[in-house]
Amino acid sequence: MSTIDPVAARRARANRPPSAVRIGTALILLFVGGAGLGYGWPTMFGGWVDPESFNPSVLAFVGVLAGLPVTISGFLVWASILLKARHFGLLYGFAAAWAGAGTGALVAGQEMGDAPLVSAVGYGCLLVATLCLAGGLVTARRRRVRGVRNQEARQTGTTATAVVSDRGYTAFRESDRILTTVTFTFTDNANIQRWVQRHMVIHAASPVVDGQSTRLWYDPEDPGNDKRIVVELADG
């Protein structure tokens, strides 16, 4: 017996935002894994090109052997973060991995001496990391703009009742969360039935079902403008 609703507690845990420690751990794993690959592979490749001078360090072997699984682990942790907080964006994770790869390659190039190609690869990786970071920032800005637009639509739009016509999934399997596209239908002020789709992360503790009702706001002057439509159930 409990004095706290176990279902509500489970929903609160599912919706709890990721901690700074978890976010930092994922980014560190991605950077370290990328650095291991960026350092290890050029060093090993240099040895294959010139077998007589092949004398790779222990770090090079560790980078080659451990870099990939560490990077994969980092992306798995980052993916679990995105399921709870999509606003972080996938590009930040790519930026961390490419920044690590570029740093590792530049270190390898310095240790190898005359290795302009390796250094060029390192700078190229850093450029990709910069582009990913810039893309993440642009995406975050667009998300903030969309949030402001949705708030304005709530205040100035016409309210209607929307019904889930297709929940977009069949059952929960290995994970207790599903990223899917949910279809809603509503009738506007001209008595025209319309459909709108929204990407949603659905938790097993609070599933979306066909026929479920929710509030919806739309622009009465332009009811077909998808950007001016806000679905309460999907506006999380």
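Refer to the structure printed above.
From a predicted model like this one, the values you see are computed outputs, not experimental measurements.

With 11 bridges connecting them, strand β2 (residues 177-187) and strand β3 (residues 193-203) associate as antiparallel partners. In the strand pairing of β3, Ile178 is matched with Ile202.

Looking now at helix α4 (residues 90-112). For α4, which comprises 23 residues, the first-to-last C-alpha distance of 33 Å matches the rise-based estimate of 33 Å (1.5 Å per residue) to within 8%. Downstream of α4 by a residue or two, Gly113 has a phi angle that is positive, lying close to 80 degrees.

In this section: the packing of helix α3 (residues 58-84) against α4. Close contact between α3 and α4 brings their axes to 10 Å; oriented N to C, the two are set at 160 degrees. Relative to α4, the element α3 lies roughly antiparallel. For the crossing formed where α3 meets α4, the hand is right-handed. Facing Phe75, Trp78 and Leu82 of α3, the residues of α4 in contact are Leu90, Tyr92, Gly93, Phe94 and Ala97. Among the residues forming the contact of α3 with α4, the class breakdown is seven nonpolar, one polar and no charged.

In this section: the sheet that holds strand β5 (residues 230-231). The antiparallel open sheet is built from five strands, whose spatial order is β3-β2-β1-β4-β5. Looking at strand neighbours, the two that pair on one side only are β3 and β5, the edges of this open sheet. Two elements, strand β1 (residues 158-166) and β2, share three bridges in a ladder whose sense is antiparallel. By the bridge assignment for β2, Val163 is matched with Thr185.

Calculation notes
Residues numbered from 1 in each chain as written. Predicted model: local features only at pLDDT ≥ 70, side-chain atom pairs only at ≥ 80, totals over all residues. Heavy atoms only, no water. Pairing = 2+ DSSP bridges. Helix = DSSP H or I, 4+ residues; strand = E, 2+ residues; numbered from the N terminus. Expected span 1.5 Å × (residues − 1). Axes fitted to C-alpha atoms, helices over the stretch in contact; angles between N-to-C directions. Parallel < 35°, antiparallel > 145°, perpendicular 65-115°, else oblique. Left-handed = near helix turned anticlockwise from the far one by under 90°. Contact = heavy atoms within 4.5 Å. Nonpolar A, V, L, I, M, F, W, Y, C, P; charged D, E, K, R; others polar.

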